[in-house]
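Take a look at the letters that make up each chain.
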Protein chains: 2
Amino acid sequence: MTTEFRTLAAPETVRETIADLNLGGGVEHVDLREARDRVLAKRVDAAIDVPGFDRAAMDGYAVQASDTVRAGEVDPAVLDLAGTVHAGEKPAVTVEPGTCVEISTGAVMPPGADAVVVVERTNEINGDGDADNDDTAIEIRTAVAPSENVMLAGADIAAGARALGPGTRLTPREIGLLSALGVDEVPVRARPRVGIISTGDELVPPGEPLDSERGEIYDVNTTTIAAGVEAAGGDPVVYPHAGDDFEAMERLLRQAADDCDLVVSSGSTSASAVDVIYRVIEERGELLLHGVAVKPGKPMVVGRIDQSGSDDDETAAEPSDTAQSAYIGLPGYPVSALTIFRVFVAPAIRAAAGQPEPATATVDGELIAQQRHDEGRLRLLSVALIEDADGSPLVYPVDKGSGATTSLVDADGVVAIDPDTDYLAAGESVTVQLFDPAVRPPSLLAVGEADPALAELLDQLDRPRSLPVGSREGLRRLRDGIPDLAVVAGPTDRAVDAVELGGWSREWGLLVKKGNPEGVDGLADLVDDDIDLANRDRDSGLRASFDAELDTLADARGVDGRDLTAAINGYEATVSGVESPARRVADGRTAVGLGLRATADRHDLGFVSIGTQAVRLLGNPDREEKPAIDAVRNALETLPTVCSSLAGYQFE
Amino acid sequence: MTTEFRTLAAPETVRETIADLNLGGGVEHVDLREARDRVLAKRVDAAIDVPGFDRAAMDGYAVQASDTVRAGEVDPAVLDLAGTVHAGEKPAVTVEPGTCVEISTGAVMPPGADAVVVVERTNEINGDGDADNDDTAIEIRTAVAPSENVMLAGADIAAGARALGPGTRLTPREIGLLSALGVDEVPVRARPRVGIISTGDELVPPGEPLDSERGEIYDVNTTTIAAGVEAAGGDPVVYPHAGDDFEAMERLLRQAADDCDLVVSSGSTSASAVDVIYRVIEERGELLLHGVAVKPGKPMVVGRIDQSGSDDDETAAEPSDTAQSAYIGLPGYPVSALTIFRVFVAPAIRAAAGQPEPATATVDGELIAQQRHDEGRLRLLSVALIEDADGSPLVYPVDKGSGATTSLVDADGVVAIDPDTDYLAAGESVTVQLFDPAVRPPSLLAVGEADPALAELLDQLDRPRSLPVGSREGLRRLRDGIPDLAVVAGPTDRAVDAVELGGWSREWGLLVKKGNPEGVDGLADLVDDDIDLANRDRDSGLRASFDAELDTLADARGVDGRDLTAAINGYEATVSGVESPARRVADGRTAVGLGLRATADRHDLGFVSIGTQAVRLLGNPDREEKPAIDAVRNALETLPTVCSSLAGYQFE
């Protein structure tokens with residue numbers, strides 16, 4: 001890697017540098033029906049009066065107010081009925097002095113009339129009993145003032161009035177007001193076009209086949225950053241993957257610069273790609289900043305790329321701003337890339353799009369696990385939320401290493417830790433910057449053993465979070481007070497204060513190829529024969545039962561346990577994941593795997609039964625009152641059905 | 001109107017009735033790139049291990065751990081270098097006992113190797129100084145355990161593990177995890193299709209010409225409800241307007257029922273349309289509920305409409321559920337329609353779409369104006385928010401009558417008042433259900449005189465709210481402590497404690513046709529000649545200056561002011577809106593209008609100057625510390641420019 005980070009820029013410098021980039025944000029006109037969540041680019045004044053006519057506000061009679069001046073219950077005025085106006089009709093009659101017109105709510109006031117007398121304060125009187133007779137007259141039993149019971153033209157909003165200001169975000173309500181004004185096309189802030197470039201020969205788009213033997217992995221950043229751009233109000237443009245050579249990369253970056261206001265790339269584990277982009281920016285653009293004093297996110301690049309138009313003009317003293325597009329290079333690991341995008345890039349896209357900052361971006365909560373910090377730079381610590389029994393937010397760190405994609409969803413936000421803070425104590429109050437304003441704590445946090453029956457139970461709950469960290473680690477976290485629930489299988493070596501919620505048992509043993517071609521009979525064969533095993537990690541409950549059986553075998557043979565396990569091929573090279581050993585057996589990587597009868601069934605493998613182990617759900621005693629614990633108890637009622645679909649399962 | 005509300009349903013009954021409707025919500029498969037904000041219909045388990053191969057976690061040498069057992073600084077192990085593996089390459093060599101392979105971070109572990117020794121704990125030693133020479137050997141100065149510095153296949157997420165549960169909303173982070181799993185298409189909850197029907201012959205779609213003489217108004221509910229359906233996660237289908245006769249309405253409703261899961265109509269002021277829909281539901285469907293004890297929103301209908309398939313089967317004992325679509329009839333006034341939609345319909349659409357309820361839907365604040373309540377039903381009082389100087393939310397009622405479309409944007413949410421509460425005192429704490437979780441209080445609330453220069457100043461502020469209620473009403477509200485700012489023009493009859501922020505002056509007078517064909521000279525002509533005037537309302541500052549001049553004229557003539565004004569045609573029939581009189585003069589409805597020279601200029605009218613009046617910005621003394629007041633002061637710096645573009649304006 002030839003790139004160096006001589007001086008890491010302070011976060012504030014990065015923010016200012018990005019704010020100085022021109023990310024576009026002009027004006028475009030969109031159909032009102034497509035305008036939801038867009039932002040007005042200009043003030044909209046009312047071009048018409050609403051209502052557009054003097055409108056009867058009540059059912060009754062349209063009159064000249066001056067005809068009613070001395071009218072009352074005792075001495076009513078009597079007016080000739082000259083006709084009728086309904087809503088949606090053009091009045092065909094005029095109200096002359098001494099006459100009135102029957103009118104319904106919403107109807108146009110007839111010429112000559114300036115007020116409405118409500119029907120309840122009138123009587124119809126006519127000589128011959130025929131209401132349509134010209135002789136019909138109306139007794140008016142109250143005086144009305146001019147404009148009484150009339151909604152004058154423009155009374156809701158008057159033509160020329162400021163209706164909505166620039167920067168207004170258009171929700172259904174603003175769209176309603178614009179509709180009332182007859183507006184069907186609105187000037188809105190253009191969405192900044194953001195080109196997204198994926199680098200690294202080992203990246204494969206989701207959906208395409210993956211060659212793991214070549215070390216290929218799926219491209220996470222392209223879809224993630226594209227979704228993030230969209231959420232921030234930008235218009236993502238995804239470019240196909242380019243080769244890592246200088247010419248191809250330069251062509252791609254220049255094309256993206258021509259098309260877009262901002263080009264975003266994310267590094268890859270292939271150092272050569274990073275170097276090539278870095279060189280393109282230096283030679284065909286402007287490098288403004290390289291390296292930022294934030295963890296994660298150190299290898300960030302901010303700069304500009306020349307557009308093609310400025311290509312040949314080597315004599316120009318300085319490239320003009322219009323001939324360049326902004327460029328931001330993100331780190332390669334998905335969690336780092338998205339964190340840096342969220343903290344530094346998304347706010348700039350929102351600003352260019354005129355979108356307001358999310359209203360509820362932070363939550364204050366109590367840290368329930370201490371956190372050391374010995375970095376010399378700002379740390380954006382990934383954390384997750386869980387609710388206490390009383391609903392108050394608790395916060396715990398999620399630290400799986402930047403390479404883990406699961407921490408994308410296992411965390412809810414970040415806590416910013418200053419370079420000069422070196423310790424956060426449990427119980428301290430911290431402010432969490434949420435990844436998304438819609439983030440809410442999960443209803444339940446379950447940690448511990450992975451299990452197919454557990455997965456079915458979790459599907460019945462509302463937004464649970466489950467972390468398959470193994471039984472031993474699950475118990476440890478329960479002791480630290482973090483989860484609502486620990487899922488524990490097999491023998492355990494520590495007692496933790498907990499509430500037993502229920503459980504089931506599952507049959508475990510050795511997974512072998514279908515038909516058991518190696519003729520594996522039991523654990524002794526692993527020790528005595530040259531058979532490769534896919535073992536599980538030490539935190540798993542399956543491993544605990546396996547080790548307990550091996551101890552029994554060692555005792556029976558009068559040998560040391562360590563000598564026994566040293567004789568098993570693959571005993572130390574463990575895999576995580578309840579199905580991983582099965583997959584290794586299925587594809588021939590190992591002859592035997594540690595696993596469940598249910599897993600053997602699912603993968604159509606042979607199975608050598610060794611025993612059954614209990615799986616127990618242990619509740620956090622401080623959180624028994626949480627509604628989710630009741631939900632777990634209800635879900636446990638479905639165990640008979642769940643267990644009947646899984647080979648080797650028994651409910652308790 | 002033949003429909004009656006015999007028994008109004010309780011809100012809870014309405015909710016339950018709507019919850020029992022079947023609003024669809026099946027499963028559809030969408031491209032991952034289109035999946036943002038959709039909701040997973042099914043659990044997604046990992047189909048692959050991530051990473052898919054045992055991956056070097058550090059730069060160094062891949063070894064067999066057993067070759068390093070006793071290695072240390074003093075007595076290093078020496079291994080032959082057998083080759084090199086980079087990231088993105090398929091290893092070409094195997095690590096045999098006694099050998100090692102140079103490896104870079106992210107690369108595939110070569111066969112035979114089970115651990116990585118970091119480069120910092122090694123030395124290269126070779127006989128002839130040529131690193132590529134076969135003789136090259138590596139000194140290993142530390143022992144490593146199996147799997148050390150290796151990220152095993154599946155360590156991030158193991159194949160078979162529960163990745164995301166049903167009901168998960170897909171934000172960029174979840175999209176990232178799905179990408180890592182290679183998923184490019186996801187099963188999501190289908191969006192309920194919601195048909196939207198507009199009724200009433202007087203409604204015209206925005207963008208089309210309006211015939212105000214016929215009492216036509218723009219259709220607000222169609223676009224508003226469509227946007228609301230979309231925001232709730234539904235798929236709106238807008239139907240063209242149908243005639244109000246039974247056959248046409250029945251055809252339209254049946255067509256919508258065939259196409260959609262739910263049909264929503266909103267009433268109109270034309271009673272006949274309401275009656276026709278009501279009859280169609282009764283004869284070709286099922287009426288479940290009519291009338292709800294909520295204000296606004298009484299005339300709500302819930303039912304089902306038969307789809308065409310069930311048309312001819314008159315003998316069926318009961319229509320089956322699958323042959324019907326849900327129907328909800330909303331009130332006609334836009335604010336009522338949107339309130340009822342938001343309270344009762346949107347939650348049902350969200351539930352069918354699997355979308356979570358918005359997280360931050362309420363704000364608690366202090367009511368700053370008392371509110372009487374004498375209804376026998378639940379009142380959903382429209383309220384608006386404003387921030388106190390310390391940022392704490394204050395709440396005031398917005399009560400313009402349900403017919404006003406401006407209250408769509410002048411309010412921020414509703415406060416639910418129980419039928420048995422009859423009074424809310426100022427200072428009481430209330431909970432506001434926000435219209436949208438993204439709603440925030442405006443930075444500034446300005447009320448009072450409408451003015452073109454003010455509109456320009458407001459455009460420079462971030463999300464101000466301005467209510468053109470006139471100078472007198474503005475002062476009254478400032479005295480009640482509601483706005484941050486009152487805008488007052490002309491003479492005022494009350495003193496209010498306020499902070500003078502600045503102001504300008506504007507020339508006012510009589511707007512006449514271009515060229516002044518009637519030869520109007522001044523106010524006396526209005527009194528003495530038979531000339532129609534478009535006057536302004538009593539709250540406007542223009543009217544105050546006008547009345548003051550008329551008083552002067554009455555004094556000069558030695559007559560009573562009332563006799564003078566009685567002689568002016570149109571003196572009592574006022575219009576609101578600074579431009580409304582100008583429009584009446586321009587289209588010939590009146591000969592003269594009260595207005596500004598700037599308005600005459602803008603509308604190319606003649607102008608008879610009467611005087612100039614001061615416009616003053618009066619700050620709320622309790623809110624002087626608000627940042628928006630500084631922003632107003634900054635905006636006032638631009639007055640010279642603003643005033644120079646407006647005829648008859650002078651800055652102070």
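Keep in mind that this is a model prediction, so the values were computed, not measured.

Once that is clear, we can look at the overall build of chain A. Looking only at helices and strands, chain A has 16 helices and 36 strands in total. Taken over the C-alpha trace, chain A has a radius of gyration of 37 Å; the compact-globule value for 652 residues is 26 Å, which it surpasses by more than 25%. If you line up chain A on its principal axes, its C-alpha atoms span 125 × 80 × 50 Å. Residues counted as buried form 55% of the 652 residues belonging to chain A. Restricting to contacts in chain A with at least 6 residues of sequence separation, those with at least 24 account for 73%.

With that settled, the discussion passes to helix α2 (residues 172-180) of chain A. All names here are of chain A. Extensive coverage of α2 is indicated by the burial of 9 of its 9 residues. For α2, the set of buried residues is P172, R173, E174, I175, G176, L177, L178, S179 and A180. Of the residues flanking the end of α2, it is G182, one or two places downstream, whose phi is positive at about 80 degrees.

Under the fitted operation, chain B is carried onto chain A by 0.1 Å of movement along the axis and a turn of 180 degrees, and the coordinates agree to an RMSD of 0.2 Å. Accordingly, the operation relating the two chain copies is best matched by a two-fold axis. In this assembly the copies share their binding face: 99% of the residues contributing to the interface of chain B also contribute to that of chain A.

Residue-level contacts link 101 residues of chain B with 101 residues of chain A. Regarding the contact of chain B and chain A, the summed buried area is about 8100 Å², with carbon and sulfur atoms giving 55% of it. In terms of surface lost to chain A, no three residues of chain B exceed R36, R162 and R173 of chain B, which account for 9% of the buried area on that side. Taken together, the connections running from chain B to chain A amount to 12 salt bridges. Between R162 of chain A and D459 of chain B there is a salt bridge, and its shortest N-O distance comes to 3.0 Å. Of all the secondary structure elements, the ones that give two or more residues to the side of chain B that touches chain A are β11 (162-164), α2 (172-180), β15 (217-218), α3 (221-231), α7 (407-410), α8 (452-459), β30 (464-467) and α13 (580-586) of chain B. Take the side of chain B that touches chain A: its biggest share by element is 8 residues, from α2 of chain B.

We now examine the environment of R633 of chain A. All names here are of chain A. When you line up the elements, R633 lands in helix α15 (residues 627-636). Separated by 608 residues in the primary sequence, R633 and G25 have C-alpha atoms spaced 53 Å apart. In this structure, R633 is in contact with V499, L501 and E624, ignoring residues within four places of it in sequence.

Right, let's get into the confidence of the model for chain A. All names here are of chain A. Averaged over every residue, the pLDDT of chain A is 89; the share at 70 or more is 93%. Considering only residues more than four positions removed or in separate chains, one finds that residues 1-5, a stretch of pLDDT under 50, has 12 contacts. Throughout residues 311-321 the model reports pLDDT below 50, and contacts reaching past four residues in sequence, or to other chains, amount to 5 contacts. Reported for the predicted complex are a pTM of 0.85 and an ipTM of 0.87.

On to a negative patch on the surface. A grouping of D59, E102, E120 and E124 of chain A is seen on the molecular surface, where their side chains present a negatively charged patch. Within the fold, E124 of chain A resides in strand β8 (residues 122-125).

Moving on: the sheet that holds strand β20 (residues 301-306) of chain A. Residue and element names in this part refer to chain A. The strand order across the open sheet built from 6 strands is β16-β13-β17-β21-β20-β18, with neighbouring strands paired in mixed fashion. Each having just a single partner strand, β16 (235-238) and β18 (285-290) make up the two edges of the open sheet. Geometrically, the sheet is characterised by an average inter-axis angle of 25 degrees between neighbouring strands, direction not taken into account. Note: β18 against β20, 5 bridges, orientation antiparallel. Its bridge partner lying in β20, G285 is registered against I305. Across the sheet, helix α1 (residues 11-19) touches β18, β20 and β21 (324-330), and the angle it forms with β18 is around 155 degrees. Across the face of the sheet, helix α4 (residues 246-259) comes into contact with β13 (193-198), β17 (262-266), β20 and β21 while running at roughly 80 degrees to β20.

Time to look at the packing of aromatic side chains. Residues and elements named next belong to chain A. In this structure the tally under the stated criterion is 2 aromatic pairs over all chains. Ring geometry for F546 against Y571: centres 6.3 Å apart, planes inclined by 35 degrees, an arrangement best described as tilted. Separated by 25 residues along the polypeptide, F546 in helix α11 (residues 541-557) and Y571 in the loop between α12 (561-566) and α13 (580-586) bring together distant segments of the chain. Taking relative accessible area as the criterion, F546 reaches 0% and is therefore assigned buried. Among the residues examined, Y571 registers a relative accessible area of 5% and is labelled buried.

A word on the sheet that holds strand β9 (residues 137-140) of chain A. All names here are of chain A. If you trace the 6 strands from one edge of the open sheet to the other, you get β7-β4-β6-β5-β9-β8, paired in mixed fashion. Looking at strand neighbours, the two that pair on one side only are β7 (115-118) and β8, the edges of this open sheet. Strand after strand, the sheet turns through a mean of 40 degrees between neighbouring axes, direction not considered. Inspection of the sheet shows strand β4 (residues 60-63) paired to β7 by 4 bridges, in the antiparallel sense. Bridge assignment links Y61 to a residue of β7, and that residue is V117.

Criteria and cut-off values
Residues numbered from 1 in each chain as written. Chains lettered and ligands numbered in written order. Predicted model: local features only at pLDDT ≥ 70, side-chain atom pairs only at ≥ 80, totals over all residues. Heavy atoms only, no water. Helix = DSSP H or I, 4+ residues; strand = E, 2+ residues; numbered from the N terminus. Rg over C-alpha atoms; globule rule 2.2 N^0.38 Å. Buried < 20%, exposed > 50% of the residue type's maximum accessible area, 1.4 Å probe, protein only. Contact = heavy atoms within 4.5 Å. Least-squares fit on C-alpha atoms with pLDDT ≥ 70 in both. Buried area = accessible area lost by both parts, 1.4 Å probe. Salt bridge = Lys/Arg side-chain N within 4 Å of Asp/Glu carboxyl O. pLDDT = per-residue confidence, 0-100. Patch = residues over 30% accessible without salt bridge, like charges linked within 9 Å, V, L, I, M, F, W, Y side chains within 5 Å. Areas by Shrake-Rupley, 256 points an atom, 1.4 Å probe, with all protein chains shown as cover. Lys, Arg positive; Asp, Glu negative; His and termini not counted. Charge placed at Lys NZ, Arg CZ, Asp CG, Glu CD. Pairing = 2+ DSSP bridges. Axes fitted to C-alpha atoms, helices over the stretch in contact; angles between N-to-C directions. Phe/Tyr/Trp six-rings, centres within 6.5 Å; stacked < 30°, edge-to-face > 60°.

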